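Below, each chain spelled out in residue letters.
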Amino acid sequence: MADQAHLADPRDPWYLRLPVVADLRRSHGLQRGMLIAGLTLTAILLVTAALAPLLAPYSWAQTTDAAGVFGSQQPPSARNPLGTTVAGFDVLSRVIWGTRTAVAVMACAVVFSLFLGVLLGLVSGYLGGWFDRLAVMIADAVYAFPSLLLAIVMSIVISGGRSDAWGGILSAALSITVVFIPQYFRVIRAETIRLKAEPFVESAKVIGVGVPRILFGHVFRNATRTLPLIFTLNASEAILTLAGLGFIGFGIEPTSASEWGYDLNRSMADVTSGIWWTSVFPGLAIVLSVLGVTLVGESMNDLNDPRLRTRVKARRAPAAPAASGKEQR
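Below you will find a few notes about this structure. Position numbers for residues count from 1 along each chain, tracking the sequence in the order it is written. Thresholds applied to this predicted model are a pLDDT of at least 70 for local features of residues and 80 or more for the giving and counting of side-chain atom pairs; totals over whole chains, interfaces and linings are not thresholded and use all residues. Each side-chain value is derived from all of the structure's non-hydrogen atoms; neither hydrogens nor water enter the calculation.

### Some remarks on the packing of helix α4 (residues 91-127) against helix α9 (residues 211-223)
Here is step 1 of the chain: Helix axes are fitted to C-alpha atoms over the stretch in contact, other axes to C-alpha atoms as well, and angles between N-to-C directions run from 0 to 180 degrees. Strands here are runs of E lasting at least two residues and helices are runs of H or I lasting at least four, both read from the DSSP assignment and numbered beginning at the N terminus. Remark: α4 packs on α9, axes separated minimally by 11 Å, with the N-to-C direction vectors making an angle of 115°. If you check the angle between α4 and α9, you find them roughly perpendicular. As α4 packs across α9, the resulting crossing turns out to be right-handed. Between α4 and α9, the contacting residues are V118, L119, L122 and Y126 on the first element and V211, I214, L215, F216, V219 and F220 on the second.
Here is step 2 of the chain: Looking at the contact of α4 with α9, its residues break down into 10 nonpolar, no polar and no charged. Oblique is the label for any angle not under 35 degrees, not over 145, and not in the 65 to 115 range, which are roughly parallel, roughly antiparallel and roughly perpendicular in turn. Take the far helix as the reference: if the near one is turned anticlockwise from it by less than a right angle, the crossing is left-handed, and if turned clockwise, right-handed. Here, two residues are considered to be in contact whenever any of their heavy atoms come within 4.5 Å of each other. Amino acids outside the nonpolar list (Ala, Val, Leu, Ile, Met, Phe, Trp, Tyr, Cys, Pro) and the charged list (Asp, Glu, Lys, Arg) are all regarded as polar, and Gly is one of them.

The structure is reproduced here in structure tokens:
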């Protein structure tokens, strides 16, 4: 019974019943620590991306200031707090501006995947028949393709392998969209098949409610409860795919936008020369960003799975006072 005290109360304000907020309220112990750590890292990523022009001391492709040229592979200093790259870019500025590219790819991939995957899952699960069989077959075939390989193909098709900022963002986002649509499709399709046999859906059919209203007014509301768990995990994969695309040379031009994978690629030769700052900080940005989003997704998954959710131990009620001799009589 103690665990039920942490469930969201329907009488609570709407903002307290949001997926992440409700999970945070009913978490505790290690699960709460993981969720708070993930939310903190994710919040830092989003705030840094939003305030990049204010936080970054220079532009992502700036190599000079009022004092002159930065210089190539300069160690950290007051002028360049995290040093400079082999091309003379400020590492701190590149890391900060890179958050905007990562968040843009993450947002585009998640929005596209959600929209297409949910729509296909609803229609396929509700209608069934040949359309359902064809959609399942295509989803299984697409799911077999590695996201990075598909990202390379999409990058070549869209931009010829080298791209500007939006070309690189769209090529990475579209490749991730195609790969992750089957995940949303499978979840929504399974829920739709279960829900269309429920009494409230059958009642809507009997009174003559149209198919669009049944799908989006009845089935959709009850079939999308697990989506926050999926897109938080897929968002981290989006960051990794973008970084992998830039690392192997199919990323964004350095003068168009900052991208962590490209910076890692250019710093490979620096490591053997003892120049550590050009690779450590972009790599650390990738690790912390992926870790933050992954911790949020894993924590929400644990909290929504009764088999994994840690339960609060019920406090023992204080023992009733012993009855006096007169009361016993």
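Let us keep going from here.
### Comments concerning the nonpolar core
Here is step 1 of the chain: V105, L122, I169, I176, I214, V219 and L227 are the most contacted members of the largest nonpolar core, which has 34 residues in total.
Here is step 2 of the chain: Breaking this core down by element, the ones donating at least two residues are α4, α6 (147-159), α7 (165-195), α8 (199-206), α9 and α10 (227-247).
Here is step 3 of the chain: Looking at this core element by element, the count peaks at 10 residues for α7.
Here is step 4 of the chain: The residues contacting I176, other than those within four sequence positions of it, are V105, A109, S113, A238 and T241.
Here is step 5 of the chain: Residue types Ala, Val, Leu, Ile, Met, Phe, Trp, Tyr and Cys, when buried and joined through side-chain atoms within 4.5 Å, form a set referred to as a nonpolar core. A simple rule labels every residue: compare its accessible area, found with a 1.4 Å probe on the protein chains alone, to the largest value its type can have, and call it buried under 20%, exposed over 50%, or partly exposed in between. Ranked by size, the runner-up nonpolar core spans 19 residues in total, among them L82, V103, M106 and I275.

### Comments concerning the packing of aromatic side chains
Here is step 1 of the chain: The pairing test for Phe, Tyr and Trp rings, Trp by its six-membered ring, is centres within 6.5 Å, and the orientation test on the planes gives stacked under 30 degrees, edge-to-face over 60, and tilted for anything in between. Summed over all chains, the structure comprises five aromatic pairs.
Here is step 2 of the chain: Between W276 and W277, the ring centres sit 5.7 Å apart and the planes meet at 85°, which makes this aromatic pair edge-to-face.
Here is step 3 of the chain: Ring geometry for W276 versus F281: centroids 5.9 Å apart, planes at 50°, classification tilted.
Here is step 4 of the chain: Judged by relative accessible area, which is 44%, W276 ranks as partly exposed.
Here is step 5 of the chain: In this structure an aromatic cluster arises from ring pairing among W276, W277 and F281.

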